[in-house]
Each structure stands twice: as structure tokens, then as C-alpha cells.
Amino acid sequence: MKLLKFPLDKQSQGILALCVFCASLAVHAGFALWFLADSVVVEGEFLRRQDFLFIGKRHGVTHGEVRFVDQNGAEKIKEVRWNISRPPKTKHVSIRCASSGLVKYGPATLLDIFWLEASALGLACFIAALIGAAVAASKIARIRR
């Protein structure tokens, strides 16, 4: 089996990988905006709930099986995930339901809906801080010589 070789140097490959990553974030953001525009908030009832700790007691990941009545009046049971902030500890919860059948957390904050973009931004800031510290350290070392 012959492997294909790209006629790109390492810098061009890195830029291409960054462009693909940014494009995937843009696609996710587009679908999240579509979901916000298409969804309605409905009341649901927890049948099963599982909480996972994150940084603090208010933040974390929650998986729950929720029973609700959708936009068409049909009763449904679906697994719903809260990625950043947890739902209240009550038996009843508000969830967002789109006409396509997609069900998400609710009442959703923008951080909950754009959690992937927020995580990528945080990671990018961390990497930028590391690169900035390395550049600053090398400049200080050059000045001291």
C-alpha cells in the first residue's frame, strides 16, 4: 500500500490543520445557532440522573433521562446532557426541543450551547500564553548575554 505524500512543507501543513479545526468550530457554531433559532423550551421530568463533578459544585457534566411532551404533543423519553452548568436538583426541568427531534439542556446559557467553542478558546489562550512565555524567556536570555 502506497501512502500519499502532500507536497506541503511543515508550516503549510500546520496552517492547513488550523484551518480545518477552525472550519469545524464554525460548522458547530452554525448548527448551535440553528438549534437556538429552531427550538422551544418545554417542561420535562427526570427519570434518572447522573452527575459528574468538574471544577466546583455548580459546574460539571450531568446525564439524565428525561420524559417530556414535545411540540407535536407526543410523550418522549430521551437522554439529555448538560455539559457545563448543571440543571437544578428538582424533579422537573426545562429542556430545549427542536422540531427535528434534537433535544438539549435548558434553560440553556450561551456557554452551555457553545461549550465546544468556549473550550477551544480556553485551550487556544493557554497555548498562546505558553508560547508567549517561551518567547519572552528566550528574549530575556538573549538580552542577558
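Refer to the structure above for everything that follows.
What this report covers is the structure whose coordinates are included nearby. Residue indices begin from 1 for each chain and proceed along its sequence in written order. Whole-chain, interface and lining totals are the exception, using all residues; otherwise, since this is a predicted model, local features are given only for residues with pLDDT of at least 70 and side-chain atom pairs are given and counted only at 80 or more. To get the side-chain values, take all heavy atoms of the structure and skip hydrogens and water.

**Quick notes on the nonpolar core**
- Grouped together as the largest cluster of nonpolar side chains are nine residues: Val42, Phe46, Val66, Phe68, Val80, Trp82, Val93, Ile95 and Cys97.
- The helix count covers DSSP runs of H or I at least four residues long, the strand count covers runs of E at least two residues long, and both are numbered beginning at the N terminus. Of all elements in the fold, only β1 (39–53), β2 (60–69), β3 (75–82) and β4 (92–98) reach the threshold of two or more residues within this core.
- The leading source of residues in this core is β4, at three residues.
- When checking whether two residues touch, look at their non-hydrogen atoms; a contact exists if any pair is within 4.5 Å. Discounting residues that sit within four places of it in the chain, Val66 has contacts with Gly44, Glu45, Phe46, Lys76, Ile77, Lys78, Val80, Trp82, Val93 and Ile95. The criterion is simple. A nonpolar core is a set of buried Ala, Val, Leu, Ile, Met, Phe, Trp, Tyr and Cys residues joined through side-chain atoms within 4.5 Å. Buried means the residue's accessible area, taken with a 1.4 Å probe over protein chains only, is under 20% of the maximum for its type, while exposed means over 50%, and partly exposed covers the values in between.

**A closer look at the pattern of salt bridges**
- Salt bridge, as used here, is a side-chain nitrogen of Lys or Arg placed within 4 Å of a carboxyl oxygen of Asp or Glu. Under the definition given, this model contains four salt bridges.
- With a closest N to O distance of 3.6 Å, Glu65 and Arg48 form a salt bridge. One end of the pair, Glu65, is in strand β2; the other, Arg48, is in strand β1, and 17 residues separate them in sequence.
- The class of Glu65 is partly exposed, set by a relative accessible area of 27%.
- On the basis of relative accessibility, which here comes to 38%, the residue Arg48 falls in the partly exposed class.
- For Glu75, the salt bridge is made with Arg67, and the minimal N-O distance between the two is 4.0 Å.
- Its relative accessible area of 31% is what places Arg67 among the partly exposed residues.
- Overlapping salt bridges, with partners in common, bring together Arg48, Glu65 and Glu79 in one network.

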